[in-house]
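Here is how the chains run, residue by residue.
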Amino acid sequence: MSIARARKAAIIPILLGLSTITAAAAEPNGCAAFKWPIDRERASFSAPDRTQLHSGQTLDALPSGAIVLSLKPAAEAALPKQPGRSSAPERFAGFFRIKQVGTAGNYTVALSAAGWVDAVESDHVLKPTGFSGAPTCDGIRKLVRYELSSGELLLQLSGISTSTITLTILPVE
């Protein structure tokens, strides 16, 4: 192999490595890493009129702001449906029901901490229409979108590392 070829062969991996570093540096981080805007969710999370709930409670209607849900150790949570993902026993879980969501449509569930969300309607677990996460965003960790009907909703949370979690269920704008 000639010296010129050897130099080219050595330079190519270096250039590929630099392009990978440049691409990683261009990736959004923090709250900018979410696929969708989170301004409404952030405002709701810090509002003083957040709805306080204990696992197992039922709301008559979907609140317009944030919910602070007290969770139980996973082994004691007695979730109505088997969670879509198993979690470690030292994690926390909980659920609540909403009798009337109101207007049918696409909704975003925002969570303050990492965890698993199951949305259940008519005893059927809904598949998310999208999701986004940002582990370095202060205050909001995960967004999951669901197409909800206007009727009753069961929302289950599992795999949470803290005994309370703040969340919102807001219509997509």
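Notes on the structure in this doc start here. Bear in mind the structure is a predicted one, so any value in this text is a computation, not a measurement. (Residues numbered from 1 in each chain as written. Predicted model: local features only at pLDDT ≥ 70, side-chain atom pairs only at ≥ 80, totals over all residues. Heavy atoms only, no water.)

## Quick notes on the environment of alanine 113
Turning to step 1, where the next piece is worked out: Counting through the fold element by element, alanine 113 comes out in the loop between β6 (105-111) and β7 (116-121).
Turning to step 2, where the next piece is worked out: Residue classification places alanine 113 among the buried positions, given a relative accessible area of 14%.
Turning to step 3, where the next piece is worked out: Sequence separation between alanine 113 and isoleucine 165 is 52 residues; the distance between their C-alpha atoms is 6.7 Å.
Turning to step 4, where the next piece is worked out: In contact with alanine 113, not counting residues within four places along its chain, are Arg141, Ile160 and Ile165. (Helix = DSSP H or I, 4+ residues; strand = E, 2+ residues; numbered from the N terminus. Buried < 20%, exposed > 50% of the residue type's maximum accessible area, 1.4 Å probe, protein only. Contact = heavy atoms within 4.5 Å.)

## Considerations on the side chain of threonine 166
Turning to step 1, where the next piece is worked out: Position of threonine 166 among the secondary structure elements: in strand β12 (residues 164-171).
Turning to step 2, where the next piece is worked out: Contacts of threonine 166, omitting those with residues within four sequence positions, involve Phe45, Arg50, Ala66, Ile67, Val68, Ala110, Leu111 and Ser112.

## A few points about the pattern of salt bridges
Turning to step 1, where the next piece is worked out: The full count for this structure, using the stated rule, is four salt bridges.
Turning to step 2, where the next piece is worked out: Two residues, arginine 40 and glutamate 173, come together in a salt bridge whose shortest N-O distance is 3.6 Å. Of this pair, arginine 40 sits in helix α2 (residues 39-46) while glutamate 173 is found in the segment after β12, placing the two residues 133 residues apart along the sequence.
Turning to step 3, where the next piece is worked out: On the accessibility criterion, arginine 40 (29% relative accessible area) is partly exposed.
Turning to step 4, where the next piece is worked out: Its relative accessible area of 80% is what places glutamate 173 among the exposed residues.
Turning to step 5, where the next piece is worked out: Between lysine 81 and aspartate 123 there is a salt bridge, with its nearest N and O atoms 3.4 Å apart. You can see lysine 81 sitting in the loop between β4 (72-73) and β5 (92-100) and its partner aspartate 123 sitting in the loop between β7 and β8 (124-125), a full 42 residues away along the chain.
Turning to step 6, where the next piece is worked out: The exposure class assigned to lysine 81 is partly exposed, which follows from its relative accessible area of 23%. (Salt bridge = Lys/Arg side-chain N within 4 Å of Asp/Glu carboxyl O.)

## With respect to α2
Turning to step 1, where the next piece is worked out: Where α2 is concerned, the buried positions are Glu41, Ser44 and Phe45. Buried residues of α2 fall within an arc of 100° about the axis and therefore sit on the same side. The exposed set on the far side of α2, more than 90 degrees from its buried face, consists of Asp39 and Ser46.
Turning to step 2, where the next piece is worked out: Next to the buried residues of α2 lie β6 and β12. (Arc of directions from axis to C-beta.)

## A few points about the pairing of β7
Turning to step 1, where the next piece is worked out: Across the six residues that make up β7, a large majority, five, are buried.
Turning to step 2, where the next piece is worked out: By the bridge criterion, five bridges tie β7 to strand β11 (residues 153-160) in an arrangement that is antiparallel. Paired with valine 120 across the strands is leucine 154, a residue of β11.
Turning to step 3, where the next piece is worked out: From the end of β7 to the start of β8, which pair antiparallel, there are two residues, and serine 122 there has a positive phi angle of about 50°. (Pairing = 2+ DSSP bridges.)

## A short note on the layout of surface pockets
Turning to step 1, where the next piece is worked out: Space inside the largest pocket adds up to approximately 220 Å³.
Turning to step 2, where the next piece is worked out: In this structure, the largest pocket is lined by Arg85, Trp116, Val117, Asp118, Val125, Leu126, Lys127, Pro128, Phe131, Lys142, Val144 and Tyr146.
Turning to step 3, where the next piece is worked out: Listed by contribution, the elements that provide at least two residues to the lining of the largest pocket are β7 and β10 (142-148).
Turning to step 4, where the next piece is worked out: Counted by class, the lining of the largest pocket contains eight nonpolar, no polar and four charged residues.
Turning to step 5, where the next piece is worked out: Its volume calculated, the second largest pocket comes out at about 150 Å³. (1 Å grid on protein atoms, 1.4 Å probe; cavity = no way out; pocket = protein on both sides within 12 Å on 5 of 7 lines; lining within 4 Å. Points joined across faces, edges and corners; volume = space filled by probe spheres on them. Nonpolar A, V, L, I, M, F, W, Y, C, P; charged D, E, K, R; others polar.)

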